[in-house]
Every structure is written in C-alpha cells, then in structure tokens.
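What follows is each chain in one-letter form.
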Amino acid sequence: MSRRTTRFPVEGANSLWHVYKTVPFLKVVKNFAVIQIARYTPFLGMKNWLYRTFLRMKVGNQTSFALMVMLDVMFPEKISVGRNTVIGYNTTILAHEYLVKEYRLGEVEIGSEVMIGANTTILPGISIGDGAIVSAGTLVHKDVPPGVFVGGNPMRVIYTAEEMAERMKL
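Draft legend 1. Fine view of the packing of aromatic side chains. Throughout the structure, instances matching the rule amount to 6 aromatic pairs. Ring plane angle 90° and centroid distance 5.4 Å describe the contact between W49 and F54, whose orientation is recorded as edge-to-face. Overall, the relative accessible area of 46% leaves W49 in the partly exposed class. Of the aromatic side chains, those joined through ring pairs into one cluster are F8, Y98 and Y103.

Draft legend 2. Quick peek at the packing of helix 2 (residues 25-40) against helix 3 (residues 44-55). Packing of helix 2 against helix 3 leaves a shortest axis separation of 9 Å and a crossing angle of 175°. When the axes of helix 2 and helix 3 are compared, the pair comes out roughly antiparallel. Residues K30, N31, V34, I35, I37, A38 and R39 of helix 2 lie in contact with helix 3, whose contacting residues are K47, L50, Y51, F54 and L55.

Draft legend 3. Representation of the nonpolar core in the model. In terms of nonpolar packing, the biggest core is built from 42 residues, with F65, L71, I110, I122 and I128 touching the most fellow members. Counting only elements with at least two residues in this core, the list comes to helix 2, helix 3, strand 4 (70-71), strand 5 (79-81), strand 9 (102-105) and strand 10 (108-110). Aside from chain neighbours lying at most four places away, what touches I128 is E109, I110, G111, V114, I116, I122, V134, V140 and V144.

Draft legend 4. Molecular detail of the environment of R83. In this structure, R83 sits in the loop between strand 5 and strand 6 (86-87). In this structure, the C-alpha to C-alpha distance between R83 and I110, residues 27 residues apart in sequence, is 9.4 Å. In this structure, R83 is in contact with G60, N61, T63, S112 and E113, ignoring residues within four places of it in sequence.

Draft legend 5. Focus on the environment of L99. Along the chain, L99 falls in the loop between strand 8 (96-98) and strand 9. Overall, L99 belongs to the partly exposed group, its relative accessible area being 31%. Separated by 85 residues in the primary sequence, L99 and N14 place their C-alpha atoms 6.6 Å from one another. Beyond its immediate stretch of four places on either side in the chain, L99 contacts N14, S15 and R104.

Draft legend 6. Geometry of the sheet that holds strand 1 (residues 6-9). What the 3 strands build is an open sheet, ordered 1-9-8; its pairing is antiparallel. Pairing within the sheet leaves two strands with one partner each, and these edge strands are strand 1 and strand 8. Averaged over all neighbouring strand pairs, the angle between strand axes comes to 15°, with direction disregarded. Sheet topology places strand 1 next to strand 9; 4 bridges connect them, and they run antiparallel. By the bridge assignment for strand 9, P9 is matched with E102.

Draft legend 7. Molecular detail of the pattern of salt bridges. Under the definition given, this model contains 9 salt bridges. Between R3 and E97 there is a salt bridge, with the nearest N and O atoms lying 3.1 Å from each other. On the criterion of sequence distance, the pair formed by R3 in the segment before strand 1 and E97 in strand 8 is long-range, its members being 94 residues apart. Take R3: its relative accessible area is 23%, and that puts it in the partly exposed class. On the basis of relative accessible area, E97 is assigned to the buried category, the value being 13%. Residues R83 and E113 are paired through a salt bridge, measuring 2.7 Å at the closest nitrogen-oxygen approach. Here R83 is found in the loop between strand 5 and strand 6, whereas its partner E113 is found in the loop between strand 10 and strand 11 (115-116), with 30 residues between them in sequence. You can call R83 partly exposed: its relative accessible area is 44%. For E113, a relative accessible area of 41% corresponds to the partly exposed category. Linked through salt bridges whose partners overlap, the residues forming this network are R3, R7, E97, E102 and R104.

Reading the values: rules and limits
Residues numbered from 1 in each chain as written. Predicted model: local features only at pLDDT ≥ 70, side-chain atom pairs only at ≥ 80, totals over all residues. Heavy atoms only, no water. Phe/Tyr/Trp six-rings, centres within 6.5 Å; stacked < 30°, edge-to-face > 60°. Buried < 20%, exposed > 50% of the residue type's maximum accessible area, 1.4 Å probe, protein only. Axes fitted to C-alpha atoms, helices over the stretch in contact; angles between N-to-C directions. Helix = DSSP H or I, 4+ residues; strand = E, 2+ residues; numbered from the N terminus. Parallel < 35°, antiparallel > 145°, perpendicular 65-115°, else oblique. Contact = heavy atoms within 4.5 Å. Core = buried A, V, L, I, M, F, W, Y, C linked by side-chain atoms within 4.5 Å. Pairing = 2+ DSSP bridges. Salt bridge = Lys/Arg side-chain N within 4 Å of Asp/Glu carboxyl O.

Worth remembering: the numbers are spatial, not functional.
This is the structure:
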C-alpha cells in the first residue's frame, strides 16, 4: 500500500521557505525543546509523559523510546505508538516532508508489541502493524503488516507473519 499523505502545493520558493506559514514558530521551538530533553533522558516513563503532555502524541503503556530517538518536530501529534513497543536508538519518525513544489503531511501509526531497530527512518503516512519487527537501519517507506519481519533499504519482507510464527515455535 502506498503512503497516506495529504499534499499541499506551494508557489515560488521551495516548501521549506514557507514552513512558518504551515506550522507556528513557537510550536516548533517548544516541540524541539521537549524532543531534545526526551532524547537524552534515561527515564522511559518521563519520555512518554513528555510526549503525551507536551507533544499530544498517543503513546501506549510500557512503550520504550531508546536514547536519541528523533520525532517529527513540526507535527509530532500525528504520531501514535501502541503499548509495549520498542523504538530503537537514533530512530527518526517523520510526519511531514517539505519538497520543492509541495509539502506532505501524514499520520504515522505504530502498533503494539512492535520492535523497531536502531537507526531506522519511518516516513510520513506509514502504518506498522501489531507484532511487526523492523530491522536496524531500515527505511520504512511503505506499510508493514502485523507480525511481519522487514528490513533493508529499500525495505523488503524478510519473514512473513506465518514464517515468523513458525520460527517462534523452534
């Protein structure tokens, strides 16, 4: 399935030059400060509280954001993560793209019991299903079905949900 983003065309300079017409400057400053504090704090509960309280993200119980996770500074409220999920070190989760002739916004939905490896990038408009595993260093450019193991750049299915279930029996 293709990414679900809403496209907004711009005229003249590239869309990043129009950034503060699309998102208030003070919102970006606040979001940046909260994200930077959370990136360095070792307290997982505190990170989740910061994200829920100041960024209006939906974050499930016992979800763990590792050190240095970088959330979308402009639109973090478009990111939701289920319960008991692990987001690996230095992962980037984007809900926007500023391009030359347009910008795009899209919800990012990460399910419950998901494992996302370190240094992964998740693009806007993506859904990652419950129980999925995303290998370290993956560019998530399309939806990930529940229970599937994916990895690489470009991302590809390594094991289907059925193959993963079979492997877990061993």
